Amino acid sequence: MACHIFLLVTLTLLCTIEADNSSIGSGQIRLDCGAATPTDGDFDDRTWHSDIDSEFAPSLEGSAIALDPFVTTTVPYKTARIFTSSYTYSFPVRPGRMFLRLYFCPTTYGNYAPSNARFRVTAGKLVIFENLCASQTSLAANVSSFFHEYSLNVTSGNLDLSFSPSTDHKGSYAFVNG
């Protein structure tokens with residue numbers, strides 16, 4: 001009897017996890033920045049939502065750019081959102097501890113050279129990083145794309161995530177893939 005109960009609990013748990021792979025319903029928010037429509041096909045076959053017409057990106061500014069399909073084939077690295085001025089995504093969240101993962105694929109985006117991608121990211125009043133040069137990070141790690149993950153203590157009902165080009169580097173821009 002104990003074996004049957006264990007099997008039932010295990011199957012219920014597996015079905016719950018499998019059924020909960022959408023971005024919003026799981027409590028996770030996955031934005032494929034710059035994508036025109038929701039996308040599937042990341043490493044875990046999860047759905048990523050577009051930031052275009054998104055509730056998290058009111059009055060969206062910045063250019064949406066799709067990468068050459070030969071550069072990368074993995075969501076969220078297929079598209080990017082480019083910012084030449086400061087922009088803030090606003091995510092409604094419950095107060096408490098949460099993880100934030102930002103995805104970057106430093107490459108040439110139209111007329112934007114990777115070496116000019118120097119920017120600041122803040123979560124509310126907390127500076128996540130200052131004057132990040134994604135291409136140098138990529139070269140130092142010998143990778144074409146990377147992510148940074150942070151554990152944040154959110155004290156309000158919103159997480160405001162701001163991207164700002166560096167004021168110390170002429171022609172700088174900010175970008176994010178996911």
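You'll find the structure just up there.
Note that this is a predicted model, so its numbers are computed, not measured.

*Asks:* Can you break down the packing of aromatic side chains residue by residue, with the values?
*Replies:* In this description, a pair of aromatic rings is defined by centroid distance and the angle of the planes. One pass over the full model with this rule turns up 18 aromatic pairs. For the pair Tyr103 and Phe147, a centre-to-centre distance of 5.7 Å together with 45° between the ring planes defines the contact as tilted. Of the two residues, Tyr103 sits in strand 6 (residues 96-104) while Phe147 sits in strand 9 (residues 146-154), which places them 44 residues apart along the sequence. Of the residues examined, Tyr103 reaches a relative accessible area of 9% and is grouped as buried. Relative to Phe175, the ring of Phe104 has its centre 5.7 Å away and its plane inclined at 85°; by these criteria the two rings are edge-to-face. Here Phe104 is found in strand 6, whereas its partner Phe175 is found in strand 11 (residues 174-176), with 71 residues between them in sequence. This pair shows no difference in class: Phe104 is buried, exactly as Phe175 is. Three or more aromatic residues joined by ring pairs form one cluster here, namely Phe104, Tyr109, Tyr112, Phe119, Phe129, Phe146, Tyr173 and Phe175.

*Asks:* Can you break down the environment of Thr122 residue by residue, with the values?
*Replies:* Along the chain, Thr122 falls in strand 7 (residues 118-123). If we ignore the near neighbours within four places in the chain, the residues touching Thr122 are Val127, Ile128, Asp160, Leu161 and Ser162.

*Asks:* Please set out the pattern of salt bridges residue by residue, giving values where relevant.
*Replies:* What the rule picks out here adds up to 2 salt bridges. Notably, a salt bridge pairs Arg120 with Glu130, separated by 3.1 Å at the nearest N-O pair. Remark: Glu130 occurs in strand 8 (residues 126-133) and Arg120 occurs in strand 7; sequence separation between them is 10 residues. Of the residues examined, Arg120 reaches a relative accessible area of 32% and is grouped as partly exposed.

*Asks:* Residue-level account of the sheet that holds strand 5 (residues 87-92), with values.
*Replies:* Adjacent strands of a sheet form backbone hydrogen bonds with each other and so pair up, either parallel or antiparallel. What the 4 strands build is an open sheet, ordered 5-10-7-8; its pairing is antiparallel. Edge positions in the open sheet fall to strand 5 and strand 8, since each of these has one partner strand only. This sheet shows a mean twist of 15° between the axes of neighbouring strands, independent of strand direction. Summarising the sheet, strand 7 and strand 8 pair through 5 bridges and their orientation is antiparallel. Note that in strand 8 the partner of Val121 across the bridge is Phe129. Packing of helix 2 (residues 134-141) onto the sheet brings it into contact with strand 7 and strand 8, and relative to strand 8 it is tilted by some 75°.

What counts, and at which threshold
Residues numbered from 1 in each chain as written. Predicted model: local features only at pLDDT ≥ 70, side-chain atom pairs only at ≥ 80, totals over all residues. Heavy atoms only, no water. Phe/Tyr/Trp six-rings, centres within 6.5 Å; stacked < 30°, edge-to-face > 60°. Helix = DSSP H or I, 4+ residues; strand = E, 2+ residues; numbered from the N terminus. Buried < 20%, exposed > 50% of the residue type's maximum accessible area, 1.4 Å probe, protein only. Contact = heavy atoms within 4.5 Å. Salt bridge = Lys/Arg side-chain N within 4 Å of Asp/Glu carboxyl O. Pairing = 2+ DSSP bridges. Axes fitted to C-alpha atoms, helices over the stretch in contact; angles between N-to-C directions.

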